[in-house]
Amino acid sequence: MKSKLKLEKILMVLFLFCTLNAKNLSDFNSQKYIRKSISYVPFLLQKESYNIKEENVSFILDALRNSVEMKRFDYNLLPNEIVNKFKSEMGKTIEKKKSVSKEEVKEKIKKFLVPEIKKLLNIKMEMRAKELVTETEKNKFIVLKAKESGIKAEDLETVLNSAYIYVPFLSNYKTERKKIKEKERRKVSKDTYKEVEVEKEVITVYVDLDVIWYHISFINNEPVISYLNPPKDFWKRFSNYLGKFFIGEEEKGSHSTAELNKKYEWKDKPISPEDYAFRRSASSEAHGQYILTKEYPEFRLHAQLNEVYSDYFSFNLGEIKKDILGDLKLKVYIDYVSFNLGEKEGVKIDDGYYINEFIENKKGKVKSKKVGYVKVRRVGDNQNPFSIDLSKAQIITGTQIAKGMKAIEYPMQNGSFLPVLIKLPYNVESGNIMNASIKESGGNYSGIGFQFEVDIGNTINDPSWSEAWFLLNLSIAPAKFKFESGEEWGTVAKIDLGIRKKYYFRRFAPFAGFGIGGSFLSVNNPTEDNSSFDTRMFQFNVMGGIELFITPKFSIGGALGGIISATGSKWDYNYEKNDEKYTKEGIKGPKANTNGFNNIIYVNFSI
């Protein structure tokens with residue numbers, strides 16, 4: 001009878017352990033995100049035997065750890081005894097074959113890492129079965145097993161808490177040296193510059209980094225290691241498509257270029273051009289793994305909704321027209337949810353979560369259905385286990401959201417790319433530039449532009465900056481100039497930096513913002529071939545508009561703005577002489593500005 005009870009206890013412990021570590025997504029059916037314990041192999045696997053300096057290998061490993069090891073994880077280092085054996089065997093394979101595939105890596109991990117990890121996990125099962133309740137009993141057992149396995153006690157305890165292992169993998173590394181020709185401006189007199197062609201020797205470094213993930217679970221009471229299929233990387237597939245379209249081959253990771261005769265620094269320390277290009281490429285690849293890691297279903301944050309409620313803010317309309325409106329107040333209601341994820345898991349302001357409802361179909365299978373989307377407006381401080389401080393998220397879409405449904409993270413970077421249709425104003429007074437006579441000109445013509453945005457609130461994780469976006473705007477449109485000799489088409493352009501703030505009301509997001517930068521006017525000289533005039537001026541603009549949320553990655557919007565610019569009356573004269581290009585600066589000409597109204601229509605692609 002006693003042996004039967006003991007067997008039942010062992011089976012119960014095994015069942016609970018298997019439940020917590022199963023590879024399937026049963027974790028999503030739990031009420032709360034279960035923290036994952038991860039370990040990594042401090043060894044850079046290479047597809048081929050690339051000639052990389054040890055300091056750059058260390059740089060890759062550190063960059064990947066900074067990106068992959070997020071607050072949502074508990075992370076540990078595998079013991080040297082295990083890693084060195086694996087590194088030795090992988091080294092022999094690479095030396096023999098000169099290359100290694102991901103499948104071969106997987107087999108080597110199974111062959112040389114898993115047996116040791118199985119041994120350690122079996123120790124954990126034995127610890128649970130022996131019901132080692134007190135810390136003293138557990139420590140004695142660990143020391144005993146550490147002696148038997150030849151591994152330090154503290155390293156053994158570290159691995160006992162590991163369920164996921166990631167292995168850094170370098171699938172492409174290439175350097176390319178070549179000479180290129182670039183145009184530079186050289187000063188030839190007080191106000192005249194000459195455009196010269198300069199030959200430069202540059203080095204381009206290509207780096208393609210991956211992280212191979214494995215999960216330790218139990219099947220039929222036996223520890224098993226399985227490969228995690230990487231999620232689809234939309235932007236990598238998109239860049240591969242562009243690479244095939246424009247240059248006929250796929251983009252092989254990230255690349256960066258540096259001039260060989262130029263001095264470079266990295267964190268205030270001198271560094272060679274090749275190392276500089278390498279580290280920029282490696283940093284870009286490592287950062288890409290930050291989002292990709294959160295894309296794995298196993299690692300996505302999720303939690304049940306604790307609350308679904310409405311809040312409001314009010315306007316006292318009586319202050320506008322008290323004699324008519326009296327004390328009338330306008331209340332604007334906004335819907336929110338709250339859930340028990342927060343600072344402990346690395347939740348950030350403006351993070352997005354899909355709301356999922358789990359429905360049982362006619363066949364008895366439970367299926368997940370997306371019913372809404374929310375964005376975090378307040379991050380709960382859940383570091384204190386004795387108090388509950390929930391995160392607060394605003395409902396963007398969904399009308400049937402209810403308490404008990406599940407919020408599942410939708411990982412994104414905090415940036416956007418916006419192709420824009422824009423109208424740009426310009427005004428030119430009549431006057432002369434050298435031997436060209438301009439009549440009064442002006443207009444507001446349609447052109448194109450591009451905006452790049454970064455979410456400030458998400459970057460600094462400050463709720464007061466929620467949905468505040470830092471933007472870079474580049475725009476250009478045609479401009480018609482009237483000369484005594486006829487009309488000439490030129491261009492009006494502007495570049496500015498600014499901030500815009502959105503206020504979401506469900507799918508609709510009114511916004512307001514401003515920008516500071518420069519405006520540019522350029523036109524060909526009608527009295528002389530191969531020559532032109534251009535002028536520049538400081539400008540300030542304000543805008544207001546509305547954006548319609550369609551999906552987390554796609555919105556459309558429009559805005560009306562006003563531009564106030566300084567007056568430009570100094571023009572540059574660009575001309576060719578003996579097949580060489582010159583620029584004469586500061587020529588007095590008619591006054592010009594870009595004052596006026598402009599409007600834009602855009603598509604917002606979030607990344």
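From a predicted model like this one, the values you see are computed outputs, not experimental measurements. (Residues numbered from 1 in each chain as written. Predicted model: local features only at pLDDT ≥ 70, side-chain atom pairs only at ≥ 80, totals over all residues. Heavy atoms only, no water.)

Undergrad: Can you walk me through the overall build of the protein chain in this structure?
TA: What the protein chain contains, in helices and strands, is 10 helices and 27 strands. Out of the 607 residues belonging to the protein chain, those deemed buried represent 45%. Sequence-distant contacts in the protein chain: of pairs separated by 6 or more residues, those separated by 24 or more amount to 70%. Approximately 32,600 Å² of the protein chain is accessible, and the part contributed by carbon and sulfur atoms is 53%. (Helix = DSSP H or I, 4+ residues; strand = E, 2+ residues; numbered from the N terminus. Buried < 20%, exposed > 50% of the residue type's maximum accessible area, 1.4 Å probe, protein only. Contact = heavy atoms within 4.5 Å. Areas by Shrake-Rupley, 256 points an atom, 1.4 Å probe, with all protein chains shown as cover.)

Undergrad: How do you make sense of the pattern of salt bridges when you look at a structure like this?
TA: Pairing between side chains of opposite charge can happen when their charged atoms approach one another. Summed over all chains, the structure comprises 26 salt bridges. The residue E409 makes a salt bridge to R72 at a minimum N-O spacing of 2.7 Å. Of this pair, E409 sits in strand β15 (residues 406-409) while R72 is found in the loop between α2 (54-68) and β3 (73-77), placing the two residues 337 residues apart along the sequence. The pair E409 / R72 is uniform in exposure class, with both members buried. Among the salt bridges present, the one from R186 reaches E184, with a minimum N-O distance of 3.6 Å. Accessibility expressed as a relative area gives 43% for R186, which makes it partly exposed. (Salt bridge = Lys/Arg side-chain N within 4 Å of Asp/Glu carboxyl O.)

Undergrad: What is the right way to read unusual backbone geometry from this model?
TA: Negative phi is the rule for most residues except glycine; trans is the rule for most peptide bonds. Positive phi values are uncommon outside glycine, yet D268 reaches one of about 65°. Mapped onto the secondary structure, D268 falls in the loop between β8 (264-266) and β9 (269-271). Among the residues examined, D268 registers a relative accessible area of 69% and is labelled exposed.

Undergrad: Which parts of the structure should I look at to understand the environment of F520?
TA: For F520, the location among the structural elements is in strand β22 (residues 508-524). If near-sequence neighbours (up to four positions away) are discounted, F520 is found in contact with T491, V492, A493, K494, I495, T535 and R536.

Undergrad: Is there a simple way to think about the side chain of K375 in this case?
TA: Note on placement: K375 falls in strand β13 (residues 366-378). Polar contacts involving the side chain of K375 include one to the side chain of E467, which spans 2.9 Å. Dropping the residues within four chain positions of it, K375 is found in contact with D350, D351, K392, A393, Q394, I396, E467 and Y504. (Polar contact = N/O pair within 3.5 Å; in protein donor to acceptor, adjacent residues only side chain to side chain.)

Undergrad: Explain the nonpolar core to me, please; I cannot follow it from the model alone.
TA: One recurring pattern in soluble globular proteins: nonpolar side chains tend to sit buried together. By size, the foremost hydrophobic cluster in this structure holds 57 residues, and its most contacted members are W213, F339 and Y353. Sort the elements by how many residues they give to this core and α2 lands first, with 7 residues. Every residue in contact with F339, bar those within four places of it in the chain, is listed here: A303, Q304, L305, N306, Y353, V376, L390, S391, A393 and A407. Among the nonpolar cores identified, the runner-up in size contains 30 residues, and V420, V492, M543 and A592 belong to it. (Core = buried A, V, L, I, M, F, W, Y, C linked by side-chain atoms within 4.5 Å.)

Undergrad: I keep staring at the packing of α2 against helix α8 (residues 273-295) and nothing clicks. Help me out?
TA: Axis angle and axis distance: for two packed helices, these are the angle between their axes and the distance between the axes, and together they describe the pair. Their axes nearest at 8 Å, the elements α2 and α8 cross at an angle of 25°. In this view, α2 runs roughly parallel relative to α8, as classed from their interaxial angle. In this structure, α2 meets α8 at a crossing whose hand is right-handed. Contact with α2, carried on its side by E55, N56, F59, I60, A63, L64, S67 and V68, involves D275, F278, R279, A282, S283, A286, H287, Q289, Y290 and T293 of α8 and no other residues of that element. (Axes fitted to C-alpha atoms, helices over the stretch in contact; angles between N-to-C directions. Parallel < 35°, antiparallel > 145°, perpendicular 65-115°, else oblique. Left-handed = near helix turned anticlockwise from the far one by under 90°.)

Undergrad: Sorry if this is basic, but what is going on with the pairing of strand β20 (residues 468-483) here?
TA: Along any regular strand the residues' side chains alternate between the sheet's two faces. In terms of strand pairing, strand β19 (residues 441-455) meets β20 through 8 bridges, oriented antiparallel. Bridging from a neighbouring strand, F452 pairs with L472 of β20. Where β20 meets strand β21 (residues 486-502), 16 bridges bridge the pair, whose relative direction is antiparallel. Within β21, the position partnered with A479 by the bridge is G490. Hairpin connection from β20 to β21: 2 residues lie between these consecutive antiparallel strands. (Pairing = 2+ DSSP bridges.)

Undergrad: Please clarify how the environment of P411 should be interpreted in this entry.
TA: In this fold, P411 is placed in the loop between β15 and β16 (415-428). Classification of P411 by relative accessible area gives buried; the value is 3%. Separated by 110 residues in the primary sequence, P411 and L301 have C-alpha atoms spaced 9.3 Å apart.

Undergrad: What is the right way to read the packing of aromatic side chains from this model?
TA: Any two aromatic rings considered together are summarised by their centre-to-centre distance and by the angle between their planes. Here the structure, examined in full by the defined rule, presents 31 aromatic pairs. Note on W266 and Y276: the rings are 6.1 Å apart at their centroids and 75° apart in plane angle, and the pair reads as edge-to-face. Highlighted residues: W266 in strand β8 and Y276 in helix α8, separated in sequence by 10 residues. Grouping residues by exposure puts W266 and Y276 together as buried. By the ring-pair criterion, three or more aromatic residues cluster together here, those being Y40, F73, Y164, Y166, W213, Y296 and F299. (Phe/Tyr/Trp six-rings, centres within 6.5 Å; stacked < 30°, edge-to-face > 60°.)

Undergrad: Help me understand the confidence of the model for the protein chain in this model?
TA: Should the pLDDT be low somewhere, the predicted coordinates at that spot are not to be read in detail. Averaged over every residue, the pLDDT of the protein chain is 83; the share at 70 or more is 78%. Note that residues 1-26 has pLDDT below 50 and, in this model, 26 contacts with residues that lie over four places away or in other chains. In the model, residues 242-249 has pLDDT below 50 throughout and makes 6 contacts with residues more than four positions away in sequence or in other chains. (pLDDT = per-residue confidence, 0-100.)

Undergrad: Which parts of the structure should I look at to understand the environment of G486?
TA: In this structure, G486 sits in strand β21. When the C-alpha atoms of G486 and P526 are compared, they prove to be 8.1 Å apart, with 40 residues separating the residues in sequence.

Undergrad: What am I meant to see in the pairing of strand β4 (residues 164-187) here?
TA: Here strand β1 (residues 36-40) pairs with β4 via 3 bridges, running parallel. Bridge pairing in β4 places I38 opposite Y164. Pairing of strand β2 (residues 45-46) with β4 involves 2 bridges; the strand directions are parallel. Considered in β4, the bridge of L45 is made with F169.

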